[in-house]
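An overview of the molecular structure
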Amino acid sequence: MAGALVPAEAIAIRKGVVQAVGRTRELRRLADSRTETIDLRGRTVIPGINDGHFHPLGLGTNQPPLTLDLSRDAVSSIAEIRDLVAEAAATKQPGEWIRGFGWDQGYLAEGRYPTRHDIDTVSPHNPAALREWSGHALWANSKALELAGITRETQPPPGGEIVKDGDGEPTGLLLEGAAGFVNAVMPDFTEAEKRRGLRIAVDIMHQHGITSVTDAGIALDDVQRYRDMLGSAGIRQRCTVMIAASSTGDLRATLLAARELETDPAWLNVSQVKIYADGVPTQARTAWVSEPYVGGGYGGLTLPGGSVEEQLSILHDWVMTAQELGFQVGVHATGDRTIHAAVDAFEAATKRFHRPGLRHYVIHGDLTSVEDLRRMARYGFTASFNPQIKRSLSHQLVDVLGRARTDYQWPYRTALELGVSIASASDAPVVGLPDFREGLTAMLTRKSLATGEVFGAGETLDLRQALASYTTAGAWQDHAERWKGTLTQGKAADLVVLEGDLLRTPPDEIVDLPIDVSILGGEVVYDSSTDEPITTASAASGLASYMTTGCCHG
């Protein structure tokens, strides 16, 4: 990924660093009696995946047995979800909570949104909170609504919605900040469960070739968990941390405290701020858009404040504070109006506090306008897109956004042609497991997973562009392009071994290309032949390693 997409034959690694990439006969000169030589027999090596927007704790704690799996691969109807809730209720004491995650209205046989009545009869004594795949909607039963104090008179917070039926009664569906009423009364996971969840998440990342990740919005207190687990070898993963602005009572004080933390930036880099500004342009219609949704409505901001003016003022204040203190900012902004406001804030902060090169970016950026892409290119701002979500969701959005906006959503080619660096990210646990292979297929084809229909053929990418969004662009987003993101001399030996020849694999089949091995800092952290993650140092650690593939893309 350092130049033309031309295959090399071999890569030499020593002490976690790439020594050379080139022809097999040339690299053999670097080997000695201690060198481990691995013949990959024509498989493909690529740089380790840099997933630039991820929720590790959410991914790990949303796995069974801590949470019911309600993803499209696990259930296909509301009736099946009701059966799972019934099974869970049968194992719990009255009053114990039932958690679930991953349901997707677009993949449920009933073709409608669920309600509290669907699960009340099987969980009358157990509050149930079932989070939708995107995390922007919560399905609660009547017991959960009762404990949260939600009635027909309850007013939602700005940007939130308590969905009601024709009689004005809550249906059990809570959008955006309205879910906070239930979250406030639902017990948190224990520290032991959180650490277990983080280990599960890191194992899943390694199985999917992810060697670097950006944790997209946690409290400063949660950073200590990373420090402890990295220091005790409980996990091995490179992590950039975004401090969630909404989790701080005083953003300035929090960021000043974060600057005092002692960490190794190659493994734990606390350098970013996450601002959550609007919802999503799905059936929930909570992204803030300038053109109304099909059926009406414009969505809105989810920032604190009693009016749009107050919300935008808080957005600007948070960006200004981060800019002044030298922190990179990522703003969750999906609707074009929110994206425009975020770029306004970036531009104003950059002009007031001249700290060039912080590389502020729009998170998700579904409907970024051409005008704002041009501004982003001018100032060196960037965006993080989500191709897995595009593949999963497109067929559902024509009735929400109309055909033109659905085709345009995540305008990869337009952004690159205008000079904007675009990273790709899974947003896991959204749409299930983080799978860059599915993302590559999505960027190359723009096909719907459900229907096979192409949405936005003009925004497709070629393989090099798509792969760069998961490697070099991710490293650039992390300010780490000097030491990771490519497989070249002196760079981190983070790499993925794929079965077969990636260059010759048809775009629709890349999603099924097996991941054989993941190597992080020169250590094997996943080997498919063992069928389980590897949590201890490999024999290659500290020694010279020499791989010959016949098909090694560096």
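Residues numbered from 1 in each chain as written. Predicted model: local features only at pLDDT ≥ 70, side-chain atom pairs only at ≥ 80, totals over all residues. Heavy atoms only, no water.

So, about the overall build of the protein. Broken down by element type, the protein carries 18 helices and 23 strands. Rg of the C-alpha trace for the protein: 23 Å, near the compact-globule value of 24 Å for 554 residues, within the 12% margin. Along the first, second and third principal axes, the C-alpha atoms of the protein reach 80 × 55 × 50 Å. A total of 554 residues make up the protein; the buried ones form 57% of that total. Taking contacts inside the protein between residues at least 6 apart in sequence as the whole, the part at least 24 apart equals 74%. On the protein, roughly 21,400 Å² of surface is accessible, and the fraction owed to carbon and sulfur atoms is 49%. Considering the protein, the positive charge centre built from 52 side chains and the negative charge centre built from 70 side chains are found 6 Å apart. (Helix = DSSP H or I, 4+ residues; strand = E, 2+ residues; numbered from the N terminus. Rg over C-alpha atoms; globule rule 2.2 N^0.38 Å. Buried < 20%, exposed > 50% of the residue type's maximum accessible area, 1.4 Å probe, protein only. Contact = heavy atoms within 4.5 Å. Areas by Shrake-Rupley, 256 points an atom, 1.4 Å probe, with all protein chains shown as cover. Lys, Arg positive; Asp, Glu negative; His and termini not counted. Charge placed at Lys NZ, Arg CZ, Asp CG, Glu CD.)

Quick look at the packing of helix α10 (residues 308-325) against helix α11 (residues 336-352) now. Here α10 crosses α11 at 40°, and the two axes come no closer than 9 Å. With respect to α11, the axis of α10 lies oblique. Seen from above, α10 lies across α11 with right-handed handedness. Touching L312, L315, H316, V319, M320 and Q323 of α10 are A341, A342, D344, A345, F346, A348, A349, T350 and R352, all from α11. Its residues assigned to classes, the contact of α10 with α11 comprises 10 nonpolar, three polar and two charged. (Axes fitted to C-alpha atoms, helices over the stretch in contact; angles between N-to-C directions. Parallel < 35°, antiparallel > 145°, perpendicular 65-115°, else oblique. Left-handed = near helix turned anticlockwise from the far one by under 90°. Nonpolar A, V, L, I, M, F, W, Y, C, P; charged D, E, K, R; others polar.)

In an α-helix there are 3.6 residues to a turn, and that puts residues three or four apart on one side. Look at helix α7 (residues 191-207): 24 Å from first C-alpha to last across 17 residues, which is about the 24 Å you get at 1.5 Å a residue. All of the buried residues along α7 are K194, G197, L198, A201, V202, I204, M205 and H206. Of the surrounding secondary structure, the elements contacted by the buried residues of α7 are β5 (49-54), α2 (56-61), β12 (210-218), α8 (220-231), β20 (515-520) and β21 (523-527). Note on α7: the residue one or two positions beyond its end, G209, has a positive phi of about 75°. (Expected span 1.5 Å × (residues − 1).)

The subject of this paragraph is the pattern of salt bridges. Using the criterion set out here, one finds 26 salt bridges in the structure. For E191, the salt bridge is made with R225, and the minimal N-O distance between the two is 2.9 Å. Taken together, the residues span a long stretch of sequence, with E191 in helix α7 and R225 in helix α8 at a distance of 34 residues. Exposure remark for R225: the relative accessible area of 8% places this residue in the buried category. Through salt bridges with shared partners, one network takes in E191, R195, D222, R225 and D228. (Salt bridge = Lys/Arg side-chain N within 4 Å of Asp/Glu carboxyl O.)

One can find Y113 in the loop between β7 (98-103) and α4 (117-120). The spatial distance from the C-alpha of Y113 to the C-alpha of W103 is 10.0 Å, given a sequence separation of 10 residues.

To continue, consider the packing of aromatic side chains. Tallied over the full model, the rule gives six aromatic pairs. Geometrically, the ring pair formed by W103 and Y113 is edge-to-face, given 6.2 Å between the ring centres and 90° between the ring planes. Of this pair, W103 sits in strand β7 while Y113 sits in the loop between β7 and α4, and the two are 10 residues apart along the sequence. Accessibility expressed as a relative area gives 0% for W103, which makes it buried. Between F346 and F381, the ring centres sit 5.3 Å apart and the planes meet at 65°, which makes this aromatic pair edge-to-face. Residue F346 is found in helix α11, and its partner F381 is found in the loop between α12 (370-379) and β17 (382-385); the two are separated by 35 residues along the sequence. F381 shares its class with F346; the two are buried. In this structure an aromatic cluster arises from ring pairing among W103, Y113 and W139. Residue placement shows R72 over the ring face of Y107; its charged tip is 5.5 Å from the ring centre. (Phe/Tyr/Trp six-rings, centres within 6.5 Å; stacked < 30°, edge-to-face > 60°. Lys NZ or Arg CZ within 6 Å of the ring centre and 35° of its normal.)

With an omega of 10°, the peptide bond running from P64 to P65 counts as cis. Topologically, P65 is positioned in the loop between α2 and β6 (68-69). For the bond running from A428 to P429, omega is 15°, close enough to zero to count as cis. Considering the arrangement of structural elements, one finds P429 in the loop between β18 (422-424) and α16 (436-445). One non-glycine residue, W410, lies in positive phi territory at about 55°.

Whether parallel or antiparallel, the strands of a sheet pair through hydrogen bonds between backbone atoms. Taken in spatial order, the eight strands of this open sheet run β5-β12-β13-β14-β15-β16-β17-β18, and their pairing is parallel. A single partner strand is all that each edge strand has here, and the edge strands are β5 and β18. Taking each pair of neighbouring strands and ignoring which way they run, the sheet shows an average axis angle of 25°. Relative to β12, β5 runs parallel, the two sharing four bridges. (Pairing = 2+ DSSP bridges.)

What follows deals with the confidence of the model for the protein. Should pLDDT be low for a region, the predicted coordinates there are not to be read in detail. Chain-level statistics for the protein give a pLDDT mean of 93 and a share of 96% at 70 or above. A low-confidence stretch, residues 535-544 (pLDDT under 50), is modelled with 21 contacts involving residues beyond four sequence positions or located in other chains. The low-confidence segment residues 550-554, where pLDDT is below 50, has 26 contacts with residues more than four positions distant or belonging to other chains. (pLDDT = per-residue confidence, 0-100.)

Looking now at α8. Over its 12 residues, α8 runs 17 Å from end to end, which matches the ideal 16 Å to within 8%, given 1.5 Å per residue. All buried positions along α8 are accounted for by D222, V223, R225, Y226 and M229. For α8, the angular spread of buried residues about the axis comes to 150°, placing them on one side. For α8, the exposed residues set more than 90 degrees away from the buried face come down to D221 and G231. In the core, the buried residues of α8 are packed alongside α2, α7, β12, β13 (238-244) and β14 (268-276). Positive backbone phi, approximately 65°, marks A233, located one or two places after α8. (Arc of directions from axis to C-beta.)

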